[in-house]
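Overview (structure and organization)
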Amino acid sequence: MDNEYLKPLPAPDHLTAPFWDGCKANKLLLQRCKQCSTSQFPPGPLCTKCRSAELEWSEASGKAKVYSWIVVRHPIPADVYKDEVPYVVALVDLDEGPRMSTNIVDCVPESIKDGMPVEVAFKQVSDAITLPLFRPAK
Amino acid sequence: MWNLRDQCAIAGIGYTAFTKNSGVTVLELATEACMKACQDAGVNPDEVDGIISFNFGDSVPSMSVATAMGLKDPQWVVEYSSGGNAANLITLAATSAIKSGLAKNILCFRAMNGRSGFRLGGGRQMAAYGVTQFTAPYGWITYPQAMAMWCQRHMNKYGTTKEQLAHVAVQFRQNAMQNERAMQRKPLTFEEYHSARKIVDPFGLYDICLESDGACATLITSAERARDMKKKPVYIMGGAYGGGPAQGEDLFDIIRWPDPAENFAPYIADALWKSAGIGPMDIDVAEIYDCFTYSVIMALEGLGFCKPGEGGPFVAAGGIRRDGPLPTNTHGGLLSEAYIHGFNHVIEAVEQLRGEAGVRQVPNAEIALTTAGAMTCGSAMILRR
């Protein structure tokens, strides 16, 4: 699978590995502050609200609402995305608070609306990486 | 807050041809523009003791240009690793260096083979490190794709339309048709705008700036010294840089940005106007960073030329026309003149304030605005004659 996959692959690091490990197990994990209970994404060394370093990983519901989106029609790089267009990249607001970029799948681009409820749909793309995509909520 | 009102001036400007393929190195482009800026000011390069630029992986170091020009004793040699957001910041940094005594005469430049060499619009590296691991794997890779997300948010929130974006593209093209430097001088009709190839919704081809080879340079010095130089000084009246608390890990990172319906502009507006002691109504000509049609609307709203959400109606009502209340991007901007990362906006502002803009001249232009950047951080200046 790794040899055929041409799209950018995440390079997990010390901060982000737990997130990607979670995706591999089909769990959407967010950093949550033990001091002020704020959830944050992307992961960072401190809680950006209260600057506490006491952070824990917590499973999110996977429910979100579409905040903004684009429909990519011109593929760049062409050799990687020519068979993918049109595809949708979106910012979604997770029920737990943080915003996340993702792809919206399982629907036509024209049907996407501001505030549309979506739910996580994990897609394994390599031995190591599973991406959290979103689809219209059932 | 920057507090050097009228204490420094732009004494010289220089630029190369703007082309798709310069056929020369970036070092040659930068050196040509810098030498022309010295000649324009009537300053012997021996007297230049500072040089600053900004780059995005496609420039040439200040040090190289200083060496190529044979500068005798450069004492302030600075590089910002940054995008168009720094196009005014480097000038503000030069003023602080001049007033603190670090240097007397400073060259500011931006040089790039942005079409024939490293193409910013062409994408990014495919290995996704840092925050990019949460964006690029979804095929969210290029700058048009990044800015389209902001634009769609503005459309969701305020009902901004493609027809309003078209006014920006068409108006700037009309300005470029009057500009012999401009790379795009063919007429652009509303019909052509709307029927253009779709790149990434909501953007079509004409919402996206050009890719260019070229260089621009200015010579900055104290107001006193500028008055003894060849050209009439253009004073740096005000300036600001910023973007609030969530500027991101790189220019692309807007995951934590509070509301992509607004960019850095409202975060710097107060400091900008206070530093100059004037307000939006006092601006005679505006050169606004237009990497995309939509970024003009965000700047107009964020700096107070109109209220949030009214930028679309403002441009559609002729607000940015050359004969309107705010003549904007009189050279054609990044959309139709050239993409020299916003530094060409500074050149145009200086020519307007000097009265050197020929058929493009805005009558009696005394005060100009330049902005730089379109996303989470940026800079702006107020210049006066």
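Residues numbered from 1 in each chain as written. Chains lettered and ligands numbered in written order. Predicted model: local features only at pLDDT ≥ 70, side-chain atom pairs only at ≥ 80, totals over all residues. Heavy atoms only, no water.

1. Remarks on the interface of chain B and chain A
Taken together, the contacts link 37 residues of chain B with 39 residues of chain A. When chain B packs against chain A, the two sides together hide about 3,200 Å² of surface, and 60% of this comes from carbon and sulfur. Connecting chain B to chain A are one salt bridge. Where Arg 73 of chain A meets Asp 201 of chain B, a salt bridge forms, and the shortest distance between an N and an O atom there is 2.8 Å. Inspection of the region where chain B meets chain A yields 20 residue pairs in polar contact (both at pLDDT 80 or more). Listing elements by their share of the side of chain B that touches chain A, those giving two or more residues are strand S5 (127-128), helix H4 (143-158) and strand S6 (198-201) of chain B. Sort the elements by how many residues they give to the side of chain B that touches chain A and H4 of chain B lands first, with six residues. (Contact = heavy atoms within 4.5 Å. Buried area = accessible area lost by both parts, 1.4 Å probe. Salt bridge = Lys/Arg side-chain N within 4 Å of Asp/Glu carboxyl O. Polar contact = N/O pair within 3.5 Å; in protein donor to acceptor, adjacent residues only side chain to side chain. Helix = DSSP H or I, 4+ residues; strand = E, 2+ residues; numbered from the N terminus.)

2. Considering the nonpolar core
Ranked by size, the top nonpolar core spans 118 residues in total, and within it Phe 203, Ile 283, Leu 300 and Ile 382 of chain B carry the most contacts. Examining the composition of this core, we find that eight residues originate from one element, H4 of chain B, more than from any other. When we break this core down by domain, the ones giving at least three residues each are domain 1 (8-118 + 213-234) and domain 2 (138-208 + 237-384) of chain B. Judged by nonpolar contacts, the second largest core, of 31 residues, contains Phe 41, Ala 64 and Val 71 of chain A together with Phe 134 of chain B. (Core = buried A, V, L, I, M, F, W, Y, C linked by side-chain atoms within 4.5 Å. Buried < 20%, exposed > 50% of the residue type's maximum accessible area, 1.4 Å probe, protein only. Domains from an automatic or database assignment.)

3. Some words on the domain arrangement of chain B
All names here are of chain B. Domains assigned within chain B are domain 1 (8-118 + 213-234) and domain 2 (138-208 + 237-384). Distance between the C-alpha centres of domain 1 and domain 2: 23 Å. Taken residue by residue, the interface counts 36 residues in domain 1 and 35 residues in domain 2. Carbon and sulfur atoms make up 72% of the surface buried where domain 1 meets domain 2, a total of about 2,700 Å² over both sides. Run the count over domain 1 and domain 2 and you get two salt bridges.

4. As for the packing of aromatic side chains
Throughout the structure, instances matching the rule amount to 12 aromatic pairs over all chains. Relative to Phe 134 of chain B, the ring of Phe 41 of chain A lies with its centre 4.7 Å away and its plane at 70°, an arrangement referred to as edge-to-face. Here Phe 41 of chain A, found in the loop between strand S3 (39-40) and strand S4 (55-59), pairs with Phe 134 of chain B, found in the loop between S5 and H4, and the two come from separate chains. Residue class for Phe 41 of chain A comes out buried when judged on its relative accessible area of 5%. Assessed through its relative accessible area of 2%, Phe 134 of chain B is described here as buried. One aromatic cluster is present, built from ring pairs that chain together Phe 19, Trp 20 and Phe 41 of chain A together with Phe 134 of chain B. Residue placement shows Arg 110 of chain B over the ring face of Phe 54 of chain B; its charged tip is 4.9 Å from the ring centre. (Phe/Tyr/Trp six-rings, centres within 6.5 Å; stacked < 30°, edge-to-face > 60°. Lys NZ or Arg CZ within 6 Å of the ring centre and 35° of its normal.)

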